[in-house]
Amino acid sequence: MAATRPETMFAWRKHKGNPEPVWEEVPVPKPGPTGVLVKLLASGVCRSDHSLLTLEKQAGWFQPKWTLGHEGCGRIVEFGSDIKDTALKVGDVVALHSVPGCGAADCTECSRDLPQICEHSHHSGIGQDGYYAPYAVIDVRGVVSVPEGVTPAEAAVATDAVNTAYHAIHKRGEVKASETVFLFGLGGLGFNALQIIHNIGARVIVCDIKQQRLDEAIKLGIPEADIVPVGKSPVEFVAERGLLIDTVADFVGTHQTFDDAQDIVRRGGKLLCIGSLDTENTIHMKTGTRKRLSYIFSYGGQVGDLKEVLDLIAKGVIKPQVRPGRLEDFPSVLKDLEAGKIEGRVALIHNE
Ligand SMILES: [Zn+2]
Ligand SMILES: [Zn+2]
């Protein structure tokens with residue numbers, strides 16, 4: 001396999017100061033001691049690719065030029081020299097976690113079980129080389145076997161779009177079957193969250209601005225009575241039905257949804273904040289204190305979550321909404337995503 005590996009490849013890159021992705025020839029990377037060289041099969045396109053391209057004020061690890069793409073699935077080509085004790089082997093299909101953390105015992109974040117915000121490890125496709133290229137190197141800590149029955153496109157979007165939703169609902173929100181959850185937003189992440197909450201067995205009230213997405217929720221088995229009609233105020237909907245909302249899961253994060261969330265959540269309830277469409281929102285101090293609310297923020301997911309997520313996809317419990325695209329078409333796919341023309345996700349499929 002190594003014999004046929006090319007010296008160079010074309011990749012979609014971010015150049016500092018340029019908001020457009022650059023299709024550029026770069027060397028095929030070589031794995032360091034704990035790295036794994038992977039031939040990509042599918043790379044998920046994420047809305048945050050747009051922010052990564054257009055926002056110039058970024059974290060310290062961002063390089064002047066780097067390959068975009070932070071949701072990947074590929075086939076193992078080569079292991080670094082230090083990787084000995086592993087069940088993985090060359091040819092295995094694996095999902096690639098873009099920020100697995102450094103894992104060091106003295107890391108300020110990893111030591112507190114927060115690898116997704118560790119600043120020491122490689123950030124694939126988030127300021128450092130990622131997956132919009134035929135080959136990528138990733139630390140072995142971020143590599144997870146893809147079980148039978150999960151397609152490369154599903155595995156790619158599982159790494160972020162599903163994993164972020166899973167981490168938020170299970171690990172941060174600790175949503176239980178006995179709860180009533182109000183879910184704002186059925187986009188790329190929110191629709192996965194809906195399936196995850198539904199699988200827990202909790203009642204879920206669904207709100208979105210697009211009828212088509214609400215229809216998808218009904219197809220999933222959400223009773224029509226638990227769907228907020230398009231244009232109906234969530235506050236009125238909850239009040240008229242006398243609903244007690246234990247948890248609001250906000251995958252939108254606008255002024256409107258954040259305000260509504262504080263209104264509709266029951267006393268002692270939880271606000272789970274994942275979306276951040278508006279960069280600033282207002283916490284109503286009197287509401288928050290008198291209702292004794294918990295405001296819980298969630299970001300990303302962990303490698304352990306990804307294993308659980310892939311198993312749930314294999315069992316058919318979560319069906320990520322993903323359709324195929326071509327690597328060459330990344331800029332137009334991203335524009336369509338921004339324009340709201342894409343339901344769910346697109347995974348760019350690579351030639352084998
Ligand atoms: Zn993303
Ligand atoms: Zn770390």
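Residues numbered from 1 in each chain as written. Chains lettered and ligands numbered in written order. Predicted model: local features only at pLDDT ≥ 70, side-chain atom pairs only at ≥ 80, totals over all residues. Heavy atoms only, no water.

Per an unreviewed UniProt entry, the recorded name for the protein is Chaperonin 10-like protein, and the organism is Staphylotrichum tortipilum. According to UniProt, the comment filed for the protein under the heading Sequence similarities (unreviewed entry) is "Belongs to the zinc-containing alcohol dehydrogenase family." What UniProt states about the protein under its Cofactor (unreviewed entry) heading is, verbatim, "Zn(2+)". (UniProt positions renumbered as here; feature names shortened; annotations may be inferred.)

Engineer: Is there a simple way to explain the overall build of the protein in this structure?
Structural biologist: A tally of regular secondary structure across the protein gives 9 helices and 15 strands. Computed over C-alpha atoms, the radius of gyration of the protein comes to 21 Å, within 12% of the 20 Å expected from 2.2 N^0.38 for 352 residues, which places it in the range of a compact globule. Its C-alpha atoms give the protein principal-axis dimensions of about 70 × 45 × 40 Å. Here the protein, with 352 residues, has 52% of them falling under the buried criterion. When contacts within the protein are restricted to residue pairs at least 6 apart in sequence, those whose partners lie at least 24 apart make up 69%. Only carbon and sulfur atoms are counted for the fraction: they give 53% of the accessible area of the protein, which is about 16,200 Å². When the 38 positive and 45 negative side-chain charges of the protein are each reduced to one mean point, those points stand 3 Å apart. (Helix = DSSP H or I, 4+ residues; strand = E, 2+ residues; numbered from the N terminus. Rg over C-alpha atoms; globule rule 2.2 N^0.38 Å. Buried < 20%, exposed > 50% of the residue type's maximum accessible area, 1.4 Å probe, protein only. Contact = heavy atoms within 4.5 Å. Areas by Shrake-Rupley, 256 points an atom, 1.4 Å probe, with all protein chains shown as cover. Lys, Arg positive; Asp, Glu negative; His and termini not counted. Charge placed at Lys NZ, Arg CZ, Asp CG, Glu CD.)

Engineer: What exactly am I supposed to notice about the coordination of the zinc ion (ligand 2) here?
Structural biologist: Metal coordination angles have textbook ideals: 109.5 degrees for a tetrahedral set of four donors and 90 or 180 degrees for an octahedral set of six. Bound to the zinc ion (ligand 2) are the protein donor atoms Cys102 (SG), Cys107 (SG), Cys110 (SG) and Cys118 (SG), situated 2.3 to 2.4 Å from the metal. Coordination at the zinc ion (ligand 2) comes from 4 donor atoms whose angles at the metal span 104 to 113°, giving a geometry best classed as tetrahedral. Donor residues binding the zinc ion (ligand 2) come from one chain and are separated in sequence as C-x4-C-x2-C-x7-C. Given the relative accessible area of 27%, cysteine 102 is considered partly exposed. The exposure class of cysteine 110 is buried, given its relative accessible area of 15%. (Donors = N, O, S within 2.8 Å, 3.2 Å for Na, K, Ca; no water. Tetrahedral: all angles 85-135°; square planar, octahedral: opposite > 155°, others 65-115°.)

Engineer: Help me out: how do you make sense of the coordination of the zinc ion (ligand 1) in this one?
Structural biologist: Distances from the zinc ion (ligand 1) to its protein donors, Cys46 (SG), His70 (NE2) and Asp160 (OD), fall at 1.9 to 2.2 Å. Counting gaps between the donor residues of the zinc ion (ligand 1) yields the pattern C-x23-H-x89-D. Taken together, the residues histidine 70 in the loop between strand E4 (65-67) and strand E5 (71-79) and aspartate 160 in helix H2 (residues 152-172) connect sequence positions 90 residues apart. An identical accessibility class is assigned to histidine 70 and aspartate 160; each is buried.

Engineer: What is the right way to look at H2 in this model?
Structural biologist: Since there are 3.6 residues in each turn of an α-helix, residues three or four apart along the chain are aligned in direction. Maximal helix bending in H2 amounts to about 60°, located at alanine 158. Taken across its 21 residues, H2 has 17 buried, putting it largely inside the fold. Taken from the residues just after H2, glutamate 174 is the one with a positive phi, measuring 45°. (Bend = angle between axes of the 7 residues up to and from the residue.)

Engineer: Can you walk me through the packing of aromatic side chains in this structure?
Structural biologist: Remark: the centre distance and the inter-plane angle together describe each pair of aromatic rings, the angle taken between the planes. If you walk through the whole model with that rule in mind, you get 8 aromatic pairs. With a centroid separation of 5.7 Å and an interplanar angle of 25°, the aromatic rings of phenylalanine 10 and tryptophan 23 are classed as stacked. Taken together, the residues span a long stretch of sequence, with phenylalanine 10 in strand E1 (residues 8-15) and tryptophan 23 in strand E2 (residues 22-27) at a distance of 13 residues. Overall, the relative accessible area of 37% leaves phenylalanine 10 in the partly exposed class. (Phe/Tyr/Trp six-rings, centres within 6.5 Å; stacked < 30°, edge-to-face > 60°.)

Engineer: Help me understand the packing of helix H5 (residues 234-241) against helix H6 (residues 255-264), please; the structure alone is not making it clear to me.
Structural biologist: A packed helix pair is summarised by two numbers, namely the angle formed by the two axes and the spacing between the axes. Contact pair H5 / H6: the axes reach a minimum separation of 9 Å and the direction vectors enclose 15°. Put simply, H5 runs roughly parallel to H6. H6 is crossed by H5, and the crossing has right-handed handedness. Counted together, Pro234, Val235 and Val238 of H5 and Asp260, Asp263 and Ile264 of H6 form the full contact between these two elements. In terms of residue class, the contact of H5 with H6 is made up of 4 nonpolar, no polar and 2 charged. (Axes fitted to C-alpha atoms, helices over the stretch in contact; angles between N-to-C directions. Parallel < 35°, antiparallel > 145°, perpendicular 65-115°, else oblique. Left-handed = near helix turned anticlockwise from the far one by under 90°. Nonpolar A, V, L, I, M, F, W, Y, C, P; charged D, E, K, R; others polar.)

Engineer: What should I look at first to understand unusual backbone geometry in this one?
Structural biologist: Apart from glycine, the bulk of residues carry a negative phi angle, and the bulk of peptide bonds sit in the trans form. A positive phi angle, near 60°, is found at aspartate 113, a position not held by glycine. Within the secondary structure layout, aspartate 113 lies in the loop between strand E6 (93-96) and strand E7 (135-139). Aspartate 113 gets classed as exposed once you look at its relative accessible area, which sits at 53%. Of note, glutamate 174 is a non-glycine position whose phi angle comes to about 45°, a positive value. Looking at the element boundaries, glutamate 174 is found in the loop between H2 and strand E9 (180-184).

Engineer: I tried to follow the domain arrangement of the protein on my own but got confused; where do I start?
Structural biologist: Think of interface size as the accessible area that goes away when the parts come together; that is how it is often given. By the assigned domains, the protein splits into domain 1 (2-163 + 301-349) and domain 2 (174-297). Summarising the inter-unit geometry, the C-alpha centres of domain 1 and domain 2 are found 29 Å apart. Tallying the contact residues gives 13 residues for domain 1 and 12 residues for domain 2. Taken as a group, Val317, Gln321 and Glu343 account for 42% of the area that domain 1 buries against domain 2, more than any other trio of residues on that side. Applying the counting criterion to the domain 1 and domain 2 interface returns 4 residue pairs in polar contact (both at pLDDT 80 or more). Classifying every residue of the side of domain 1 that touches domain 2 gives 6 nonpolar, 3 polar and 4 charged. (Domains from an automatic or database assignment. Buried area = accessible area lost by both parts, 1.4 Å probe. Polar contact = N/O pair within 3.5 Å; in protein donor to acceptor, adjacent residues only side chain to side chain.)

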